[in-house]
Amino acid sequence: MNWLSTVWAQARLNQTVLLRQRGLAFTILLLPLFIAFVYTSGPTASGEVNGVPAAALAAIGAIAVVFPFSYMTIATGIVVRREERVYKRLRGSALSTTAIFAGDILHATLVGAVQAAVILVYAVGVVGVPVPGNVPLMLVSFVLGAAVFAALAIGTAGLIPNYEVAQLVALPVLFASMLGAGMMFPLSVLPEWGQRVAEVLPMTPVVDMMRIAFLGRDLGRAGAPEVGFLEGFQVSAAGLGIGLLWIGVGLWCTRKFFRWDPRRA
């Protein structure tokens, strides 16, 4: 019970930090919804890609955009608590490192889940995206995305001196993620080397898994052939491996760079 109460207190504290910074609250809470609207209603959403409406692909990619904003939430919360010596006090208790970070991850994941649900309703009701036929694969992709960006947020937080810089660090993460999601333009328009780079970005496997879960088609192959329920997991195996690799990178960076003492000390 002590572990759970501490995790919940950490999550509530993260919410307080978010609401205290109005600009940050607007960016994290509303900007993902705005991006979903822009990229599913503008000129980039016209036409088709592999026989699939570009608006549908953009809408599914927009659901995954909540993860870079979760990165911003977690990284900012960690930096604030480190600089305010909250972590320093918690380290002196019997709590494990996992329990200390769990509150930050829980809060960001809950916020991201609500945003994803709103975008999902918009995608199905307005854009015309079909209801996902492979719900387990969709849930796996969401958990994978949350875990990847949580690990990267914790891993890079040690390099961030204050919460203002945390927001700036999140911007290239956001833009690179949107590139990997194929929202701004289809990845097929990139040169061969650009496609290979985009394929290993943290967001790409998550979006690919989501699109397979929604559309039941393998967009990575010519003609986007249909895939069955179990085949969807088989097709997603390589992407799952890439996601797990990024989680490993985040954990390695945490061990290498994270410090419990305030950087201003």
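Look up a bit, the structure's there.
Structural notes, computed from the coordinates. (Residues numbered from 1 in each chain as written. Predicted model: local features only at pLDDT ≥ 70, side-chain atom pairs only at ≥ 80, totals over all residues. Heavy atoms only, no water.)

Some points on the packing of helix α4 (residues 54-64) against helix α7 (residues 97-127)
At their nearest, the axes of α4 and α7 sit 9 Å apart, and the two run at 170° to each other. Overall, the two elements α4 and α7 adopt an arrangement that is roughly antiparallel. Listed contacts from α7 to Ala55, Ala56, Ala59, Ala62 and Ile63 of α4 are Ala116, Ile119, Leu120, Ala123 and Val127. Here the residues of the contact of α4 with α7 sort into 10 nonpolar, no polar and no charged. (Axes fitted to C-alpha atoms, helices over the stretch in contact; angles between N-to-C directions. Helix = DSSP H or I, 4+ residues; strand = E, 2+ residues; numbered from the N terminus. Parallel < 35°, antiparallel > 145°, perpendicular 65-115°, else oblique. Contact = heavy atoms within 4.5 Å. Nonpolar A, V, L, I, M, F, W, Y, C, P; charged D, E, K, R; others polar.)

Digging into the packing of aromatic side chains
Evaluated as defined, the whole model comprises seven aromatic pairs. On the numbers, 5.5 Å between centres and 15° between planes, the contact of phenylalanine 101 with tryptophan 260 is stacked. Separated by 159 residues along the polypeptide, phenylalanine 101 in helix α7 and tryptophan 260 in the segment after α13 (237-257) bring together distant segments of the chain. Geometrically, the ring pair formed by phenylalanine 258 and tryptophan 260 is edge-to-face, given 4.9 Å between the ring centres and 85° between the ring planes. Across the pair, exposure class does not vary: phenylalanine 258 and tryptophan 260 are buried alike. (Phe/Tyr/Trp six-rings, centres within 6.5 Å; stacked < 30°, edge-to-face > 60°. Buried < 20%, exposed > 50% of the residue type's maximum accessible area, 1.4 Å probe, protein only.)

Re the side chain of asparagine 134
Counting through the fold element by element, asparagine 134 comes out in the loop between α7 and α8 (135-157). From its side chain, asparagine 134 meets the backbone oxygen of phenylalanine 229 in a polar contact 3.2 Å long. Not counting residues up to four positions away in its chain, the partners in contact with asparagine 134 are Ala213, Phe229 and Phe233. (Polar contact = N/O pair within 3.5 Å; in protein donor to acceptor, adjacent residues only side chain to side chain.)

So, α4
Among the 11 residues that make up α4, 11 are buried, leaving the element largely enclosed by the rest of the structure. Taken as a whole, α4 has its buried residues at Ala54, Ala55, Ala56, Leu57, Ala58, Ala59, Ile60, Gly61, Ala62, Ile63 and Ala64.

A closer look at the environment of alanine 36
Checked against the element boundaries, alanine 36 lands in helix α3 (residues 31-41). A relative accessible area of 3% places alanine 36 in the buried class. Spatially, the C-alpha atom of alanine 36 lies 8.3 Å from that of valine 65, the residues being 29 residues apart in sequence. What alanine 36 contacts, discounting residues up to four positions off in sequence, is Ala62, Ile119 and Tyr122.

Here's the deal with the pattern of salt bridges
Two side chains bearing opposite charge may form a pair once their charged atoms approach each other closely. Inspection of every chain in the model, using the stated rule, returns three salt bridges. Here glutamate 83 ties to arginine 82 by a salt bridge, and the two come within 2.7 Å at their closest N and O atoms. Each member of the salt-bridge network shares a partner with another, and the members are Glu192, Arg196 and Glu199. (Salt bridge = Lys/Arg side-chain N within 4 Å of Asp/Glu carboxyl O.)

Side note on the nonpolar core
By size, the foremost hydrophobic cluster in this structure holds 56 residues, and its most contacted members are Phe67, Ile78, Tyr87 and Met210. Looking at this core, the elements with two or more residues in it are α4, α5 (66-83), α6 (86-91), α7, α8, α9 (163-181) and α11 (203-215). If you look at the next biggest cluster of nonpolar residues, it comprises seven residues, including Tyr39, Val65, Phe69 and Leu174. (Core = buried A, V, L, I, M, F, W, Y, C linked by side-chain atoms within 4.5 Å.)

Spatial relationships are all this shows, so hold off on functional conclusions.
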